[in-house]
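# Secondary and tertiary structure notes
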Amino acid sequence: MKVLVIGSGAREHAIAWKISQSTQVDALFLAPGNAGTAALGTNLPIEATDIPALANAARRHSVDLTIVGPEGPLAAGIVDWFQEQGLAVFGPTRAAAQIEASKGFAKEFMNRHGIPCAQGMAFDSYREAERFLQRREMPVVIKADGLAAGKGVTVALTRAEAEAALDACMNQRVFGEAGARVVVEEFLEGREVSVFAFTDGEHMSPLAAACDYKRVGDGDQGPNTGGMGSYSPPEFWDNALATEAEARIFRPTIEGMAREGRPYRGVLYGGLILTRQGLKVIEFNARLGDPETQVILPRLEADLVEIAQAIAGGEMPKTRIVWSGEACVGVVMASGGYPGDYSTGFPISGLDDMGGGCIVFHSGTRLREGEVVTSGGRVLTVVGRASSLAQARDRAYSAVERIRFQGGFYRRDIALRPAAVGARYS
Ligand code: AMP
Ligand code: GLY
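Each residue is numbered by its place in its chain's sequence as written, counting from 1. Chain letters start at A and ligand numbers start at 1, both assigned in the order the entries are written. In keeping with the predicted nature of the model, local features appear solely for residues at pLDDT of at least 70, side-chain atom pairs appear and are counted solely at 80 or more, and the whole-chain, interface and lining totals rest on all residues. The basis for every side-chain value is the complete set of non-hydrogen atoms in the structure, without hydrogens or water.

By the secondary structure assignment, Arg 411 is in the segment after α12 (389–402). Working definition: with a 1.4 Å probe on protein chains only, accessible area under 20% of the residue-type maximum means buried, over 50% means exposed, and in between means partly exposed. By relative accessible area, Arg 411 is classed as buried at 1%. Contacts described as polar in this section are N or O atom pairs within 3.5 Å, which, within protein, must combine one atom able to donate a hydrogen with one able to accept it, while residues neighboring in sequence count only if both atoms come from side chains. In this structure the side chain of Arg 411 is engaged in a polar contact, spanning 3.2 Å, whose partner is the backbone oxygen of Gly 217. In terms of polar contacts, Arg 411 uses its side chain to reach the side chain of Asp 413, at 2.9 Å. Each residue touching Arg 411, except ones within four places of it in the same chain, is listed here: Tyr 213, Arg 215, Val 216, Gly 217, Asp 218, Gly 219, Asp 220, Met 228, Val 331 and Tyr 397. Helical segments are the DSSP runs of H or I of at least four residues, strand segments are the runs of E of at least two, and each set is numbered from the N terminus. The contact definition used throughout considers only heavy atoms, calling two residues in contact when any of these lie within 4.5 Å.

So, in structure tokens, the structure goes:
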């Protein structure tokens with residue numbers, strides 16, 4: 001089989017790494033990929049959002065299966081486009097991806113189906129949203145409806161902050177059209193956990209859970225980032241929580257989407273919070289998470305190509321999907337200055353002598369005359385694997401200490417304790 005993976009982050013490198021272990025694959029393409037994926041397959045210089053060019057490339061290279069990493073192309077309808085042209089593709093259709101691409105849709109969907117989530121409503125009108133705000137207790141959470149690269153959420157501690165956030169979003173349109181609609185919801189407290197299932201629109205795989213760290217600094221200090229590390233499985237995630245998540249959240253969501261004529265096929269990602277009243281949904285995503293993928297795919301005891309191919313064809317794979325009990329810890333190495341301004345083009349050393357039980361997934365890297373150099377804010381996710389979380393952590397950090405590039409930095413407390421709650425927001 002020939003497989004195309006769309007995207008360029010460490011998530012996509014992890015997907016490519018897992019796929020390259022499949023005996024069914026004889027050619028792997030990435031669009032656009034990075035220096036890490038170049039070692040596993042052929043990088044094609046096509047942006048992940050250029051859907052017509054991606055479809056042309058899939059045809060030109062006789063690709064049998066395309067796997068979509070990021071949400072942008074899913075929300076833009078890449079799956080519909082590929083399907084119309086008879087190209088097999090793994091991921092939800094545009095209508096199904098609304099569960100991530102429109103927070104208003106997701107909120108109203110969860111309210112319709114009794115799926116536990118933060119109490120709240122979606123508004124198209126600034127005046128109505130403002131009126132609703134008057135009746136809410138603080139803190140309150142204001143979310144831009146559309147995709148806003150993780151920046152569209154404000155936790156407002158005071159009424160003035162809430163009003164400012166609403167005004168910025170709906171009147172000033174600081175997130176563009178993504179802010180034409182907003183969701184206003186209650187503030188929830190508890191531990192956050194990212195939970196993933198493969199689904200064919202009717203059946204689902206066992207769940208995989210992971211925690212990620214959003215703030216740039218140790219102890220959850222400083223600004224938010226795309227994610228500075230992750231680990232799986234979380235020490236607090238047990239069978240009772242998995243059963244609750246499946247019965248109260250994942251199954252009703254998959255059934256509800258099917259009943260509403262938007263069957264959801266692909267990976268369903270629940271961003272959940274463990275409140276005193278049980279698990280509640282903070283958001284759904286229509287794809288695998290980054291950096292969670294880097295710590296869950298090493299635990300997948302099944303052929304990812306077989307899973308993706310079966311689901312692209314509308315059904316679950318014949319063989320069972322199993323997540324191993326192995327612990328994985330992923331530490332992100334970033335460019336000095338990230339998430340603010342940073343410089344790139346620095347050579348990365350120490351990538352060759354990885355010890356056992358370690359994998360390095362690239363994100364912001366590229367090849368310059370055969371040398372791997374930095375090319376982005378988040379540069380690498382270094383993953384340690386072991387039978388215990390403590391050992392996986394040691395392995396990840398010993399590898400991190402061997403890798404060097406000018407200005408590079410990382411958090412030292414990944415998997416030491418769970419990320420602080422609500423940690424993404426200052
Ligand atoms: P979202 O973009 O919806 O995932 O929100 C991003 C982050 O905002 C989450 O990971 C939480 O840390 C925080 N957050 C979102 N909604 C709430 C809420 N209702 N209560 C508390 N924190 C929230
Ligand atoms: N880890 C957060 C995300 O992938 O959206």
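Residues are labelled near a given molecule or strand when at least one of their non-hydrogen atoms is within 4 Å of it. Close to ligand 2 lie Asp 212, Lys 214, Tyr 269, Asn 285, Arg 287, Gly 289, Asp 290 and Glu 292. Arg 287 is positioned such that a nitrogen or oxygen atom in its side chain is 2.8 Å from an oxygen atom of ligand 2. In this structure, a nitrogen atom belonging to ligand 2 sits 2.7 Å away from a side-chain N or O atom of Glu 292. Computed with the Shrake-Rupley method and a 1.4 Å probe, the accessible areas treat only the protein chains shown as cover for residues. Calculation on ligand 2 without its partners gives an accessible area of 200 Å², and the protein chains cover 88% of this total. When residues are sorted by character, Ala, Val, Leu, Ile, Met, Phe, Trp, Tyr, Cys and Pro go into the nonpolar class, Asp, Glu, Lys and Arg into the charged class, and all the rest, Gly among them, into the polar class. Broken down by class, the residue content of the shell around ligand 2 amounts to 1 nonpolar, 2 polar and 5 charged.

Looking now at helix α11 (residues 304–312). Residues of α11 that are buried include every one of Leu 304, Val 305, Ile 307, Ala 308, Ala 310 and Ile 311, and no others. Close packing links the buried residues of α11 with α1 (10–19), β4 (65–68), β5 (89–90), β10 (191–199) and β13 (266–275). Regarding α11, its N-cap is Asp 303, as a side-chain oxygen of that residue lies 2.8 Å from the backbone nitrogen of Val 305 further along. The first or second residue beyond α11 is Gly 314, which carries a positive phi of 100°.

So, on to the packing of aromatic side chains. Only Phe, Tyr and Trp rings are paired, with Trp represented by its six-membered ring, and only when their centres lie within 6.5 Å; those with planes under 30 degrees apart are stacked, over 60 edge-to-face, the remainder tilted. Per the counting criterion, the structure on display carries 9 aromatic pairs. Ring centres of Phe 123 and Phe 132 lie 5.0 Å apart, and the angle between their planes is 45°; this geometry places the pair in the tilted category. Its relative accessible area of 6% is what places Phe 123 among the buried residues. Ring plane angle 55° and centroid distance 4.5 Å describe the contact between Phe 196 and Tyr 269, whose orientation is recorded as tilted. Placement of Phe 196 in strand β10 and of Tyr 269 in strand β13 is noted, with a sequence separation of 73 residues between them. For Tyr 269, a relative accessible area of 4% translates into the label buried. Among the aromatic residues, those joined into a ring-pair cluster are Phe 90, Phe 198 and Trp 323.

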